[in-house]
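Topology and contacts: notes
The primary structure of each chain is shown beneath.
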Amino acid sequence: MKILGIIPARYKSSRFPGKPLVMLNGKPMILHVAEKAAEALGADNVVVATDDDRIAHVVNEAGYQTIMTLDTHPTGTDRLWEVAQKIPAQVYVNLQGDEPLVNPQDIIKVANLKNEYPSYVINGMSELAPHEDPANINIPKVLVNSRNDLVYMSRLPIPGIKSPGIGKPVYLKQVCIYAFSYADLKAYGEMGKKAEFEAFEDIEILRFLELGIPVKMVHTQANTLAVDVPEDVARVEQAIKQTLS
């Protein structure tokens, strides 16, 4: 079974232009992610999807594959659909280019679950850490049923609490490792626009619920660190050093 790991990488970013090429302990961030993906899937099964020649040059010089994509995609999943039309595979695994500490075992776990549940889109999740605020709109919260099927995902705290006296729920958050089939991506890309609640929440996975494609959530490593803004760089560099010590 062909499993292709795809790392979308845009140079333009409103909060951090050129983010994929930021140096973390002497190495561009995109290469940290590519190495973790290669550890899980093999380097021949990893491709960086980018719209920028600077990113492509760095990735190619390091020996990894790139594919040039349009710069007009509204979401990373739309970018994956472009890649899927050019590179055949049974499973496409989407990895975030700004999470250099992604666990290779989680990549394998998500890919394997897609094989087990081929009619589902697969997405990672974990419990919120004690220091994380459920009201933080930068953290998509996940609501699942007893079978870990996605019921809804929101930037608001879900489930809501009407009566605080009944206790506090265990809040779950999205971990951005996804697994899709070609048919999943085709339906997503050919919809041609964001679903209404996808646009309100700015959570692209919600388009699949609009399309009637179920999403199976899977528990992954509790916490990965992302580089969202320049201020995150020092913290992530320290975390990388700790994993190497």
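Predicted model only: the values in this text are computed from it and were never measured.

Moving on, we come to the pairing of strand E4 (residues 46-50). Counting buried residues along E4, five of its five residues qualify, which places the element largely inside the surrounding structure. The alternating pattern of E4 places Val46, Val48 and Thr50 on one face and Val47 and Ala49 on the opposite face, and all of these are buried. With five bridges connecting them, strand E1 (residues 3-9) and E4 associate as parallel partners. Following the sheet pairing, Ala9 is matched in E4 by Thr50. Where E4 lies against strand E5 (residues 65-68), four bridges are found, and the strand directions are parallel. Counted as the bridge partner of Thr50 is Met68 from E5. Between the parallel pair E4 and E5, the chain is carried across by helix H2 (residues 53-61), and the sense of this crossover is right-handed.

A large share of strand E7 (residues 121-127) lies buried, amounting to six of its seven residues. In this sheet, strand E11 (residues 215-219) lies alongside E7 in parallel orientation, the contact comprising five bridges. Counted as the bridge partner of Asn123 is Met217 from E11.

Our next topic: helix H4 (residues 104-116). Here H4 spans 19 Å end to end across 13 residues, near enough to the 18 Å set by a 1.5 Å rise per residue. Inspection of H4 places Pro104, Asp106, Ile107, Val110, Ala111, Leu113 and Lys114 among the buried residues, and these make up the whole buried set. Taking the backbone nitrogen of Gln105 as reference, a side-chain oxygen 2.8 Å away marks Asn103 as the first, capping residue of H4.

Rules used throughout
- Residues numbered from 1 in each chain as written.
- Predicted model: local features only at pLDDT ≥ 70, side-chain atom pairs only at ≥ 80, totals over all residues.
- Heavy atoms only, no water.
- Buried < 20%, exposed > 50% of the residue type's maximum accessible area, 1.4 Å probe, protein only.
- Helix = DSSP H or I, 4+ residues; strand = E, 2+ residues; numbered from the N terminus.
- Pairing = 2+ DSSP bridges.
- Right-handed = clockwise from strand over helix to strand, strands pointing away.
- Expected span 1.5 Å × (residues − 1).
- Polar contact = N/O pair within 3.5 Å; in protein donor to acceptor, adjacent residues only side chain to side chain.

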